[in-house]
Amino acid sequence: LQQVFQHRHTLDQALEGNRDFSALAQRDRAFVRMLVTTVIRRLGQIDDIIRRSLARPDQPLNPPLLEYVLRLGVAQALFMNVPDHATVNTSVLLVESEGHGRIKGFVNALMRRITSEGKEWTTRQDVARLNTPEWLLKIWINDFGLKNAIDIALANLQEAPLDISLKSPETIESLAEALDAEILPTGSLRLMESRLVQDLPGFQDGAWWVQDAAAAIPVKLLGNRVAGQTVVDLCAAPGGKTAQLASLGAHVISVDRSAKRLQRLQDNMKRLRLDDRVRVEVADAAVWKSRDKVPFILLDAPCSATGTVRRNPDVIWMKSPADVNSLVDLQARLLENAIAMLAPGGTLIYCTCSLQKDEGEFQIERILETHPKMSREPVHVHELGGLSEIITPRGDIRILPSHLSSLGGMDGFFVSRLRKA
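All figures in this text were calculated on a predicted structure; none of them were measured in a lab. (Residues numbered from 1 in each chain as written. Predicted model: local features only at pLDDT ≥ 70, side-chain atom pairs only at ≥ 80, totals over all residues. Heavy atoms only, no water.)

Draft legend 1. The overall build of the chain, seen in detail. In terms of regular secondary structure, the chain is built from 18 helices and twelve strands. For 421 residues, the compact-globule estimate of 2.2 N^0.38 gives 22 Å, and the chain sits close to it at 23 Å. Counting only C-alpha atoms and orienting by the principal axes, one finds that the chain spans roughly 70 × 45 × 40 Å. When contacts within the chain are restricted to residue pairs at least 6 apart in sequence, those whose partners lie at least 24 apart make up 70%. About 19,400 Å² of surface is accessible on the chain, with carbon and sulfur atoms providing 51% of the total. Of the charged side chains in the chain, 51 are positive and 51 negative, and the gap between their average positions amounts to 3 Å. (Helix = DSSP H or I, 4+ residues; strand = E, 2+ residues; numbered from the N terminus. Rg over C-alpha atoms; globule rule 2.2 N^0.38 Å. Contact = heavy atoms within 4.5 Å. Areas by Shrake-Rupley, 256 points an atom, 1.4 Å probe, with all protein chains shown as cover. Lys, Arg positive; Asp, Glu negative; His and termini not counted. Charge placed at Lys NZ, Arg CZ, Asp CG, Glu CD.)

Okay, structure coming up:
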């Protein structure tokens with residue numbers, strides 16, 4: 001937690017870089033990940049509970065470590081059903097083991113009060129507001145209205161299910177049965193229970209890869225048009241969309257500025273036995289140029305990733321309005337470069353996993369105003385298995401985490417399909 005909040009590391013970086021965490025048994029690693037994720041996901045509520053438990057709510061917690069110990073304690077007591085006595089005892093042992101034994105009585109009393117009264121306090125909390133940075137909630141209200149903004153914030157508190165994309169769609173029935181998975185309207189498979197990916201049927205054979213159902217939609221909008229064609233996948237890593245394109249028979253040029261992430265992409269392509277259809281280019285996608293004009297470009301632009309909070313709850317606490325503004329500028333440069341490379345009659349798919357219209361709808365409106373040769377190719381409901389609620393009146397796709405809620409929701413996403421005259 002200190003790595004995330006004080007050193008601004010992502011949660012994945014903090015966990016992957018911690019040897020003590022790596023040395024734990026699998027079950028303990030799962031518990032630690034769930035515990036830390038719960039603290040980050042419910043941060044606003046947890047800090048509000050801690051303030052309520054203090055005699056002077058405005059008093060700073062000293063030493064700073066105490067704040068993290070209490071956050072871990074509240075998460076276990078109120079949101080993870082850990083027995084009260086274990087939660088209190090663990091919190092006391094933590095401060096003691098870190099050399100702060102003088103405050104263990106204080107921690108004991110505070111945690112006892114929280115385990116006694118905290119559940120009732122949670123019933124009076126404004127959950128959506130507390131767990132979302134104020135500046136971001138205001139943008140969502142402005143972009144989607146109050147009800148949708150609240151629905152987004154509440155959906156973000158849910159753990160995301162595991163979705164997979166298939167190398168061969170004709171295997172969907174047999175794989176659904178083998179994996180005990182649900183077939184989604186868009187053609188992805190969804191596993192409702194968390195399991196070790198590497199041990200699942202079909203993984204070692206390269207029959208599928210992990211990819212949220214929303215992230216799988218942009219490539220579907222190219223249909224069967226890409227077989228035998230060159231497709232440039234800009235900002236391609238970690239490679240889910242590259243895999244989709246290659247499995248459709250496309251010759252894919254995958255461009256990304258991170259050599260490390262592209263290596264992961266290549267490893268995945270080898271497992272899927274699709275590497276013969278993929279060429280990687282380590283380059284800045286905002287300036288990289290193909291030798292010839294290309295008929296298809298997929299641009300999954302870097303963004304604030306606020307649509308992925310269910311999987312990455314640290315995202316919203318790591319970003320600021322200034323970060324979003326700089327990303328909007330980068331997206332605009334990427335779009336300009338993509339359009340310059342696109343052949344006449346070619347198709348450009350632009351997408352982001354952001355929930356802000358500045359990074360989605362408004363980018364496309366600007367392109368259509370400044371590039372007379374570019375036009376929108378509206379998405380039709382039959383392309384999405386009947387999922388009409390995610391198609392905007394103008395023919396783009398806008399997915400909110402609250403969509404498909406009866407089946408476990410989806411990542412937030414924006415997708416637009418453009419054609420060049």
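Draft legend 2. A look at the packing of aromatic side chains. Summed over the entire model, instances satisfying the criterion amount to two aromatic pairs. Over the aromatic face of F5 sits the side chain of R71, whose NZ or CZ is 5.4 Å from the ring centroid. (Phe/Tyr/Trp six-rings, centres within 6.5 Å; stacked < 30°, edge-to-face > 60°. Lys NZ or Arg CZ within 6 Å of the ring centre and 35° of its normal.)

Draft legend 3. Spotlight on the pairing of strand β7 (residues 278-282). Where strand β6 (residues 251-256) lies against β7, five bridges are found, and the strand directions are parallel. Counterpart to D256 in the pairing with β7 is V282. This β-α-β element, β6 to helix α15 (residues 259-271) to β7, shows right-handed connectivity. (Pairing = 2+ DSSP bridges. Right-handed = clockwise from strand over helix to strand, strands pointing away.)

Draft legend 4. The packing of helix α10 (residues 134-144) against helix α11 (residues 146-155), seen in detail. The geometry of α10 relative to α11 is characterised by a closest axis approach of 7 Å and an angle of 130° between their N-to-C directions. Taken together, the axis directions place α10 and α11 in an arrangement best described as oblique. Here α10 and α11 pass one another in a crossing that is right-handed. Residues L137, W140, I141 and F144 of α10 pack against L146, N148, A149 and I152 of α11. (Axes fitted to C-alpha atoms, helices over the stretch in contact; angles between N-to-C directions. Parallel < 35°, antiparallel > 145°, perpendicular 65-115°, else oblique. Left-handed = near helix turned anticlockwise from the far one by under 90°.)

Draft legend 5. Just the environment of V88, in detail. With respect to the element layout, V88 can be found in helix α7 (residues 84-97). For the pair formed by V88 and R398, sequence separation is 310 residues and the distance between their alpha carbons is 44 Å. With residues up to four places along the chain from it excluded, the contact list for V88 reads N108, M111, R112 and T115.

Draft legend 6. Here's a closer look at the pairing of strand β12 (residues 413-420). The element β12 is largely enclosed, with a buried count of seven among its eight residues. Note: strand β9 (residues 342-352) against β12, six bridges, orientation antiparallel. Pairing of C351 across the sheet is with V415, part of β12. As judged from the three bridges shared by strand β10 (residues 374-376) and β12, these two strands associate in the antiparallel manner. By the bridge assignment, S375 is partnered in β12 with R419. Pairing of strand β11 (residues 397-399) with β12, which is carried by three bridges, proceeds in the antiparallel orientation. The residue bridging R398 from the neighbouring strand is F414, located in β12. (Buried < 20%, exposed > 50% of the residue type's maximum accessible area, 1.4 Å probe, protein only.)

Draft legend 7. The layout of surface pockets, seen in detail. There is about 800 Å³ of room inside the second largest pocket. Contributions of two or more residues to the lining of the second largest pocket are made by α1 (2-5), α2 (11-16), α3 (19-23), α4 (26-41), α6 (65-79) and α7. Element by element, the count of residues in the lining of the second largest pocket is highest for α6, at five residues. Counted by class, the lining of the second largest pocket contains 16 nonpolar, five polar and two charged residues. (1 Å grid on protein atoms, 1.4 Å probe; cavity = no way out; pocket = protein on both sides within 12 Å on 5 of 7 lines; lining within 4 Å. Points joined across faces, edges and corners; volume = space filled by probe spheres on them. Nonpolar A, V, L, I, M, F, W, Y, C, P; charged D, E, K, R; others polar.)

Draft legend 8. How the structure looks around empty space enclosed by the protein. The full count for this structure, using the stated rule, is one cavity of 30 Å³ or more. The volume enclosed by the largest cavity comes to roughly 70 Å³. Together, I40, R41, N131, T132, A153, N156, L157, V309, P313, I316 and W317 line the largest cavity. Of all elements in the fold, only α4 and α16 (315-318) reach the threshold of two or more residues within the lining of the largest cavity.

Draft legend 9. Representation of the environment of L65. Tracing the backbone through its elements, the reader meets L65 in helix α6. The class of L65 is buried, set by a relative accessible area of 19%. Distance in space between the C-alpha atoms of L65 and E98 is 8.7 Å, their sequence separation being 33 residues.

Draft legend 10. Seen up close, a nonpolar patch on the surface. Together, I141, L146, I150 and L154 make up an exposed nonpolar region whose accessible area comes to about 300 Å². With three residues, the top contributor of residues to the nonpolar patch is α11. Relative to the assigned elements, I150 resides in helix α11. (Patch = residues over 30% accessible without salt bridge, like charges linked within 9 Å, V, L, I, M, F, W, Y side chains within 5 Å. Salt bridge = Lys/Arg side-chain N within 4 Å of Asp/Glu carboxyl O.)

Draft legend 11. Just the side chain of R271, in detail. Residue position: R271 is located in helix α15. Within the buried set, R271 has no salt-bridge partner at all; the shortest N-O distance to an opposite charge, 8.7 Å, is to D205. Sequence-distant contacts of R271, that is, excluding residues within four places in its chain, are made with F203, D205, G206, W208 and W209.

Draft legend 12. Expanded view of the pattern of salt bridges. Counted according to the given criterion, the structure contains 28 salt bridges. For D212, the salt bridge is made with R311, and the minimal N-O distance between the two is 2.3 Å. You can see D212 sitting in the loop between β4 (208-210) and α13 (217-220) and its partner R311 sitting in the loop between β8 (294-300) and α16, a full 99 residues away along the chain. Residue classification places R311 among the partly exposed residues on the basis of a relative accessible area of 32%.

Draft legend 13. Layout of the sheet that holds β4. Strand order in the open sheet formed by four strands is β2-β3-β1-β4, and the pairing between neighbours is antiparallel. Each of the sheet's edge strands pairs with one partner strand only, and the pair in question is β2 (182-183) and β4. With two bridges connecting them, β2 and strand β3 (residues 189-191) associate as antiparallel partners. Residue I183 lies in a different strand from β3, and its bridge partner there is L189. Running over the sheet, helix α12 (residues 172-179) touches β1 (162-166), β2, β3 and β4 and is turned about 0° from β3.

Limitation: the analysis is restricted to geometry and does not speak to function.
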